[in-house]
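# Reading the structure
Listed below, chain by chain, are the residues.
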Amino acid sequence: MTAIAVFGSSTTVAGSHDWSVAEGVGRAIAERGWAVMTGGYGGTMEAVSAGAAAAGGRVIGITAPTVFPERSGANTHIGEEIAERTISHRIAHLVESSDGVIALPGSIGTFAELVVAWNAAFVAPFRGAAPIPVVAVGAQWSSIVELVQTQLPTGSGFVHLADTTEIAMSLLDGMISKNPHDEF
């Protein structure tokens, strides 16, 4: 089954514009028959999970309970929870198990996730593999991606920029591999 990892802010509030956008992304992914993978907790992760679950999709949360002991577990929309022992393992699991990545607006944690996905896409050709699609949604990512591309020898085309989630989904539709992961 094709799986899409979605990253975003853990502080997105239910009922906000960003929540509605994230919920729509989860729904759109599920409606395509793809699984949704998130960090499993609240904010954007919960909104994406809620949208996917409402559309009958497979919802997977990759959590890190030892890193976040104050959190009471995965959000209620998660169908499958996989616990990792560190943030690095959690992010790696999300990126390595996905067939595509969407980064919604967020903070430093979301940026770290985006960079790991970007790096995975960048190094894939060195081993003869196709890079997974990485799509960053919103103006904040445009300026950051452009800055990194001008300051570091990253090459272009590894992170696709989208102004809207509709454009992001359209980009993924055209780039998703026909060889999805069997296991997460």
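Scroll up to find the structure.
These lines cover the structure that appears in this document, whether it is placed above or below. (Residues numbered from 1 in each chain as written. Predicted model: local features only at pLDDT ≥ 70, side-chain atom pairs only at ≥ 80, totals over all residues. Heavy atoms only, no water.)

### Points about helix H2 (residues 44-54)
Along H2, eight of the eleven residues are buried, which leaves the element largely enclosed by surrounding structure. Within the sequence span of H2, burial applies to Thr44, Met45, Ala47, Val48, Ser49, Ala50, Gly51 and Ala52. Against strand S1 (3-7), helix H1 (17-31), strand S2 (35-38), strand S3 (59-63) and helix H3 (87-96) lie the buried residues of H2. The positive-phi residue at the C-terminal boundary of H2 is Gly56, with phi of around 80°. (Buried < 20%, exposed > 50% of the residue type's maximum accessible area, 1.4 Å probe, protein only. Helix = DSSP H or I, 4+ residues; strand = E, 2+ residues; numbered from the N terminus. Contact = heavy atoms within 4.5 Å.)

### Quick word on the pairing of strand S5 (residues 100-103)
With burial as the criterion, each face of S5 is covered, one bearing Gly100 and Ile102 and the other bearing Val101 and Ala103. The pairing of S1 with S5 spans four bridges and is parallel. Looking across to S5, one finds that Ile4 is bridged to Gly100. With three bridges connecting them, S5 and strand S6 (residues 134-137) associate as parallel partners. Counted as the bridge partner of Ala103 is Ala136 from S6. Following the chain from S5 across helix H4 (residues 108-123) to the adjacent parallel S6, one finds a crossover that is right-handed. (Pairing = 2+ DSSP bridges. Right-handed = clockwise from strand over helix to strand, strands pointing away.)

### Some words on the sheet that holds S2
Strands sit in the order S4-S3-S2-S1-S5-S6-S7 across an open sheet of seven strands; the sheet is parallel. Looking at strand neighbours, the two that pair on one side only are strand S4 (80-83) and strand S7 (160-162), the edges of this open sheet. In this sheet, adjacent strand axes meet at a mean angle of 25° when their direction is disregarded. Across the face of the sheet, H2 comes into contact with S1, S2 and S3 while running at roughly 165° to S2. Packing of H4 onto the sheet brings it into contact with S1, S5 and S6, and relative to S6 it is tilted by some 150°. (Axes fitted to C-alpha atoms, helices over the stretch in contact; angles between N-to-C directions.)

### Focus on the environment of Ile167
Relative to the helices and strands, Ile167 resides in helix H6 (residues 165-175). When the C-alpha positions of Ile167 and Thr12 are compared, they lie 21 Å apart, and in sequence the two are 155 residues distant.

### What about the pattern of salt bridges?
One pass over the full model with this rule turns up two salt bridges. Among the salt bridges present, the one from Arg32 reaches Asp173, with a minimum N-O distance of 2.6 Å. Highlighted residues: Arg32 in the loop between H1 and S2 and Asp173 in helix H6, separated in sequence by 141 residues. Judged by relative accessible area, Arg32 falls into the partly exposed class, the value being 34%. (Salt bridge = Lys/Arg side-chain N within 4 Å of Asp/Glu carboxyl O.)

### Some thoughts on the nonpolar core
Judged by nonpolar contacts, the single largest core of 24 residues is most densely connected at Ile4, Val6, Ile29, Ile102, Leu104 and Leu172. Taken together, the elements giving at least two residues each to this core come down to S1, H1, H2, S6 and H6. At six residues, the largest contribution of residues to this core is made by H1. Look past the residues within four positions of Leu104 in its chain and what remains in contact with it is Val6, Phe7, Gly8, Ala22, Val25, Thr44, Val48, Thr110, Val137, Trp141 and Thr165. Counting 23 residues, the second largest nonpolar core, distinct from the first, contains Val101, Ala117, Ala136 and Val145. (Core = buried A, V, L, I, M, F, W, Y, C linked by side-chain atoms within 4.5 Å.)

### A look at the packing of H1 against H2
The interhelical angle for the contact between H1 and H2, taken along N-to-C directions, is 40°, at an axis separation of 6 Å. Relative to H2, H1 is oriented oblique. Every pair of crossing elements has a handedness; the one defined by H1 and H2 is right-handed. Counted together, Trp19, Ala22, Glu23, Gly26, Arg27 and Ala30 of H1 and Thr44, Glu46, Ala47, Val48, Ala50, Gly51 and Ala52 of H2 form the full contact between these two elements. Partitioning the contact of H1 with H2 into residue classes produces seven nonpolar, three polar and three charged. (Parallel < 35°, antiparallel > 145°, perpendicular 65-115°, else oblique. Left-handed = near helix turned anticlockwise from the far one by under 90°. Nonpolar A, V, L, I, M, F, W, Y, C, P; charged D, E, K, R; others polar.)

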